[in-house]
Amino acid sequence: MSIMVALLTAMILSNVVQAGGPYVISESPLIHYAGGSGYPHTYSSSGCYGSSCLYLAQSETTGWWHWNVNYSNYYQWYAWDPTVGVAAAYYTVWESAGYQWQVTVNQANHHGSWVYIGYSDYPTNPGEFMYTTNECVSGYTCSNLKVFWDQMELTTH
Amino acid sequence: MKYKSWLISIMVGIVLGGILYTTGLFRDIIAFLPVKAASTSDEILNTILISHTKWTTLQGNAQFTWYGSDGSTQIYNNKFAIAQPASAYIDITNLSQSGKNDGIWVSNGKAIYNLNKEAKTYQSQIISASTLDLSMLPKDLSQVQPNIVYIHPMALHVGAPIMEDIYSSWFAQKSPTDTYVFKGTDKILDRDVWVIDDQEANGDSDTVWVDQATGIILQDHQIIDGKLFLDMKMTDLQVDAPVNNSLFVLPAGYSLANPQ
């Protein structure tokens, strides 16, 4: 009986103990970082999380933007892929330690899903930034496609 | 059971649970529990989920044709050489408009370089422990979470289009509102393939031809908004052949781009 109780407690604890969050972060407002400064356009569609996304077309001046978040000890990142997206999108995570990583999300392939973007190598940190851009990704179609940005999700350590 | 025994049992459980969680053993234990595939289609999707475990090296070429809504087309060739776990070389050439949106991706296992052929510049990122961590990837369909997709880290970080066809595990993690239709078998490049159609609730669809031996996608036909969006076909493929390691080196003549 004692062993059963111990095992049961261990299983429950293993399942329940999670990183903090997840916290859902709205795509609006995005903060301008560099490049083209025309604010991304609002796109209303049931295919967007909460029925609204932001976008810049690939043909517009390339700009870099970041999400407006204010946590510490960032850990895991997820990006929502709206069902209206077809472009490939770059995401860059800058950690306060100076380390950064980039990922490419092909928005045509992951409609209606949270795409896991990775986790921090420095889970004890004062903050991180998640950047995005409407820059074309080499090898993907590059014309006048809309690069959509929707809600992000993160956990903290 | 006495109060003291309950207390001790729970304390032991807390300690054990902490060990299982912090070491990741709980997930591994669950992963090794036998899961019986419910159908042939589940067996196929399970093969796709772990396709990266079924080959060591891949080399070849693939042609991507992207169809614009204005009737235009953009055709790219992806020449690739991949050696597990983290060496990669992909040379992307625009066959429609020379030089436009071309690129090279190189991973030497320690860093990933994204080269702009036109500007002769590159960006780089270090491959850290998290970059290559496969522990989040579902090992079978029972671990696939609704509305969450875990793309193989190499396909996430090396952003060439061919990478999602080579590291195809995402295809078995489609939204629960999608429907998989198994259309039969075929042969591509003299290899046996399954033909699978992913149909989204909004009418978009993605038909893939999946190599039965490795689980990688050899051909892709994607319809979006009722129109042909993408045709991809591998034009040659070598599996588990020796690879020239000199490919996995940053080419000469490129300089570091100004960081954004």
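For the structure, check the block above.
Residues numbered from 1 in each chain as written. Chains lettered and ligands numbered in written order. Predicted model: local features only at pLDDT ≥ 70, side-chain atom pairs only at ≥ 80, totals over all residues.

Caption draft 1: Quick peek at the overall build of chain B. A count of helices and strands for chain B gives five helices and 13 strands. Counting the 260 residues in chain B, one finds 38% classified as buried. Here the contacts in chain B between residues at least 6 apart in sequence split such that 48% fall between residues at least 24 apart. (Helix = DSSP H or I, 4+ residues; strand = E, 2+ residues; numbered from the N terminus. Buried ≥ 20, exposed ≤ 12 C-beta atoms within 10 Å, placed from the backbone. Contact = placed C-beta atoms within 7 Å.)

Caption draft 2: Local environment of the overall build of chain A. Summing up its helical and strand segments, chain A has one helix and twelve strands in all. N-terminal to C-terminal, the α/β element order of chain A is α-β-β-β-β-β-β-β-β-β-β-β-β. Residues classed as buried in chain A amount to 50% of the 157 residues present.

Caption draft 3: Up close: the environment of B:Pro146. If you trace the backbone, B:Pro146 turns up in the loop between strand E6 (121-126) and strand E7 (148-149). The spacing of B:Pro146 and B:Leu132 is 14 residues in sequence and 23 Å in space, taken between C-alpha atoms.

Caption draft 4: Local environment of the nonpolar core. Among the nonpolar cores identified, the biggest contains 101 residues, and A:Val115, B:Ile90 and B:Val158 are the most heavily contacted of them. Setting aside residues up to four positions removed in sequence, B:Val158 forms contacts with B:Ala88, B:Ile90, B:Trp105, B:Ser107, B:Ile112 and B:Met163. (Core = buried A, V, L, I, M, F, W, Y, C linked by C-beta atoms within 7 Å.)

Caption draft 5: Just helix H3 (residues 40-49) of chain B, in detail. Among the residues of H3(B), those classed as buried are B:Leu45, B:Asn46, B:Thr47, B:Ile48 and B:Leu49. Buried residues in H3(B) make contact with strand E10 (205-211) of chain B.

Caption draft 6: Expanded view of the sheet that holds strand E8 (residues 100-106) of chain A. All names here are of chain A. The five strands are arranged E2-E5-E10-E7-E8 in an open sheet whose pairing can be described as antiparallel. Strand pairing shows two members of the sheet lacking a second neighbour, strand E2 (30-35) and E8, which therefore form its edges. Averaged over all neighbouring strand pairs, the angle between strand axes comes to 25°, with direction disregarded. The sheet contact formed by E2 and strand E5 (residues 63-67) spans five bridges and is antiparallel. Residue pairing in the sheet places Gly-35 in a bridge with Gly-63 of E5. (Pairing = 2+ DSSP bridges. Axes fitted to C-alpha atoms, helices over the stretch in contact; angles between N-to-C directions.)

Caption draft 7: Structural detail: the sheet that holds strand E4 (residues 52-57) of chain A. Residue and element names in this part refer to chain A. Taken together, three strands build an open sheet; the order of strands is E3-E4-E11 and the sheet is antiparallel. The sheet is open, and its two edges are formed by strand E3 (41-44) and strand E11 (146-149), each paired on a single side. Neighbouring strand axes in the sheet, compared pairwise and without regard to direction, differ in orientation by 40° on average. In terms of strand pairing, E4 meets E11 through four bridges, oriented antiparallel. Its bridge partner lying in E11, Tyr-55 is registered against Phe-148.

Caption draft 8: Up close: the pairing of E8(A). Residue and element names in this part refer to chain A. Extensive coverage of E8 is indicated by the burial of five of its seven residues. Across seven bridges, the pairing between strand E7 (residues 88-95) and E8 is antiparallel. In the strand pairing of E8, Thr-92 is matched with Gln-102. Between the end of E7 and the start of E8, which pair antiparallel, lie four residues, with Gly-98 showing a positive phi angle near 100°.

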